[in-house]
Amino acid sequence: AFSGIRTNGGFDYTRSGNPTRERLEKAIAALEGGSGATCTSTGMSAVLLALNLLPHGSHVLCTVDCYGGTFRTLEHAKLVYGLEVTYLDLADLEAVRQALQPHTRMIWAETPSNPLLHLSDLSALARIARPVGALLAVDNTFLSPVLQRPFDFGADLIVHSTTKYLNGHSDVVGGAVVAGPERPALAQRIAALNNLLGTSQSPHDCFLVLRGLKTLHLRMKAHETNARAIAEFLSDHPAVASVNYPGLPGHPQHDLAKRQQMGFGAMLSFELK
């Protein structure tokens with residue numbers, strides 16, 4: 001609303017800013033402990049927004065078994081935006097160091113990864129990224145800020161598909177990009193890019209995600225309880241060769257999960273004999 005010819009309440013065009021979207025952005029930033037968040041139309045537009053922070057010709061190191069949509073976007077960016085991408089196991093820290101190039105500008109981590117539930121040591125990756133001026137971006141969709149806070153371990157950016165756990169009701173698609181606690185200029189740049197690209201989330205969808213946040217903590221506990229029961233059942237099943245779930249004591253990265261997560265989440269995969 002405008003109270004005069006040039007006087008408004010801080011909002012003049014919904015793509016550029018909206019009070020409902022601002023409420024959601026402040027809530028997600030608070031949950032993650034960031035300096036600011038920007039909400040996007042889908043999880044994939046959040047990925048695209050984060051990649052648009054990079055100059056032409058930048059080099060990106062990415063989790064080898066990243067989400068298929070992220071992989072396809074990176075492959076598109078290689079052809080159209082001139083990005084160079086190296087996919088590797090980010091748990092192999094020496095391989096990460098060897099893969100660094102003078103123009104490496106981002107390390108893209110999914111931890112746990114989709115679909116093999118591989119973990120990445122965020123503190124170690126931050127120590128590698130920071131001296132070379134690369135951003136550490138973490139897709140935190142699988143755990144949510146209830147079970148993992150990547151900024152506590154040195155991440156610069158957090159990306160979410162709010163379609164999943166943050167909304168939690170299968171009636172919205174959305175995404176979010178969050179800037180680290182000491183990166184207000186980065187938060188402003190992300191917001192400006194969201195406006196430029198036209199990827200901002202609709203107010204009504206933001207309202208629905210805000211509704212979902214109210215039960216996020218309760219839902220994540222229930223999700224994890226169910227997943228643990230399923231993982232234990234599958235691990236004893238004669239037709240199952242292996243279960244990928246970091247919450248199982250026999251998982252090779254169980255100790256890392258206990259160190260950097262507040263829980264083990266609800267996603268798992270398994271392989272048949």
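Please refer to the structure higher up on the page.
All of the points below concern the structure found in this document.

What counts and how
- Counting restarts for each chain: residues are numbered from 1 in the order of the written sequence.
- Restriction of local features to residues with pLDDT of at least 70 applies here, the model being predicted, together with a cutoff of 80 or more for giving and counting side-chain atom pairs; totals for whole chains, interfaces and linings are based on all residues.
- To obtain the side-chain values, all non-hydrogen atoms of the structure were included, while hydrogens and water were left out.
- Labels follow the DSSP assignment, with helices taken as runs of H or I lasting at least four residues and strands as runs of E lasting at least two, numbered in each case from the N terminus.
- For this analysis, residues touch if any pair of their heavy atoms sits within 4.5 Å.
- A pair of strands is labelled paired if DSSP reports no fewer than 2 bridges between them.
- Here an angle of 0 to 180 degrees is reported between the N-to-C directions of two axes, which are lines fitted to C-alpha atoms, with helices fitted over the stretch in contact.
- Roughly parallel refers to an angle under 35 degrees, roughly antiparallel to one over 145, roughly perpendicular to one between 65 and 115, and oblique to any angle outside these ranges.
- Two helices that cross are described as forming a left-handed crossing if the nearer one is turned anticlockwise from the farther one by less than a right angle, and a right-handed crossing if clockwise.
- Note on residue classes: Ala, Val, Leu, Ile, Met, Phe, Trp, Tyr, Cys and Pro are nonpolar, Asp, Glu, Lys and Arg are charged, and everything else, Gly too, is polar.
- Two distance rules govern patches: like charges are joined within 9 Å, and nonpolar side chains (Val, Leu, Ile, Met, Phe, Trp, Tyr) within 5 Å, applied only to residues with over 30% relative accessible area and no salt bridge.
- Only the protein chains shown count as covering a residue, and every accessible area follows the Shrake-Rupley method with a 1.4 Å probe.
- Between Lys or Arg on one side and Asp or Glu on the other, a salt bridge is scored when a side-chain nitrogen of the former is within 4 Å of a carboxyl oxygen of the latter.
- The buried label goes to any residue with under 20% of its type's maximum accessible area, the exposed label to any with over 50%, and the partly exposed label to all in between, with areas taken from a 1.4 Å probe on protein chains only.
- Side-chain rings of Phe, Tyr and Trp (the six-membered ring for Trp) are treated as a pair once their centres are within 6.5 Å; stacked means planes under 30 degrees apart, edge-to-face means over 60, and tilted covers the remaining angles.
- The nonpolar core is taken to be a set of buried Ala, Val, Leu, Ile, Met, Phe, Trp, Tyr and Cys residues, with the residues joined through side-chain atoms within 4.5 Å.
- The span one expects for a helix is its residue count, reduced by one, times 1.5 Å.
- As used here, the arc belongs to the directions running from the helix axis to the C-beta atoms.
- We call a crossover right-handed when, viewed with the strands running away from us, the connection from the first strand over the helix to the second turns clockwise.

## Examining the side chain of Thr-38
For Thr-38, the position within the fold is in strand β3 (residues 36-40). Setting aside chain neighbours within four positions, we find Thr-38 in contact with Glu-25, Leu-49, Gly-175, Ala-176, Val-177, Ala-187, Ile-190, Ala-191 and Asn-194.

## Let's talk about the sheet that holds β3
Sheet strands pair via backbone hydrogen bonds, and the direction of the pair is either parallel or antiparallel. Overall, mixed pairing links the seven strands, which are arranged β3-β9-β8-β7-β6-β4-β5 in an open sheet. The open sheet is flanked by β3 and β5 (84-88), the only strands paired with a single partner. Taken over all neighbouring pairs, the strand axes of this sheet differ in orientation by 20° on average, direction set aside. One ladder, built from five bridges, connects strand β8 (residues 157-161) with strand β9 (residues 175-179); its direction is antiparallel. Within β9, the residue paired with Ser-161 across the bridge is Gly-175. In this fold helix α2 (residues 43-51) packs onto β3, β6 (104-110), β8 and β9, with an angle of close to 160° to the strand it touches most, β8.

## Quick notes on the packing of α2 against helix α3 (residues 68-80)
Interhelical geometry of α2 versus α3 gives an angle of 40° and a closest axis separation of 10 Å. If you check the angle between α2 and α3, you find them oblique. Every pair of crossing elements has a handedness; the one defined by α2 and α3 is right-handed. Taking contact as the criterion, the partners of Met-44, Val-47, Leu-48 and Leu-51 in α2 are, on α3, Gly-69, Thr-70, Thr-73 and Leu-74. Split by residue class, the contact of α2 with α3 holds five nonpolar, three polar and no charged.

## Looking at a nonpolar patch on the surface
Nonpolar side chains collect at one region of the surface, where Leu-79, Val-80 and Tyr-81 lie side by side and expose about 330 Å² of accessible area between them. With respect to the element layout, Tyr-81 can be found in the loop between α3 and β5.

## With respect to the environment of Pro-150
Of note, Pro-150 is situated in the loop between α6 (144-147) and β8. Classification of Pro-150 by relative accessible area gives buried; the value is 0%. As for Pro-150 and Pro-131, which are separated by 19 residues in sequence, their C-alpha atoms are 18 Å apart. Those residues in contact with Pro-150 that sit more than four places away from it in its chain are Glu-32, Leu-122, Val-138, Asn-140, Ala-155 and Ile-158.

## A closer look at the packing of aromatic side chains
Enumeration according to the criterion identifies one aromatic pair in this entry. Consider the rings of Phe-71 and Tyr-87, whose centres lie 5.3 Å apart with planes at 50°: the pair is tilted. With Phe-71 in helix α3 and Tyr-87 in strand β5, this pair connects stretches of sequence that are 16 residues apart. A relative accessible area of 38% places Phe-71 in the partly exposed class.

## Re the nonpolar core
One finds Leu-24, Ile-28, Val-96 and Leu-136 to be the most contacted residues of the largest nonpolar core, which totals 50 residues. Beyond its immediate chain neighbours, meaning those up to four positions away, Val-96 contacts Leu-61, Leu-88, Asp-89, Leu-90, Ile-107, Leu-125 and Ile-128. In terms of nonpolar packing, the next biggest core, distinct from the first, is built from 26 residues, Ala-46, Met-106, Ala-137 and Ala-179 among them.

## Thoughts on α3
In a regular helix each residue adds 1.5 Å, so 13 residues correspond to 18 Å; α3 covers 18 Å between its end C-alpha atoms and thus fits that length. All of the buried residues along α3 are Gly-69, Thr-70, Thr-73, Leu-74 and Ala-77. Axial view of α3: buried residues confined to an arc of 135°, hence all on one face. Seen from the buried face of α3, the exposed residues on the opposite side, beyond 90 degrees, are Arg-72 and Leu-79. Against the buried residues of α3 lie α2, β4 (59-63), β5 and β6. Two residues or fewer past α3, Gly-82 is found with a positive phi of approximately 75°.

## Digging into the pairing of β6
Across the seven residues of β6, six count as buried, placing the element largely inside the fold. For β6 and strand β7 (residues 135-139), the ladder comprises five bridges, and the chain directions are parallel. Bridge pairing links Glu-110 to Asp-139 in β7. One crossover worth recording links β6 to the parallel β7 by way of helix α5 (residues 122-129), and it is right-handed.

So far we have only geometry, and geometry alone does not tell us how the molecule works.
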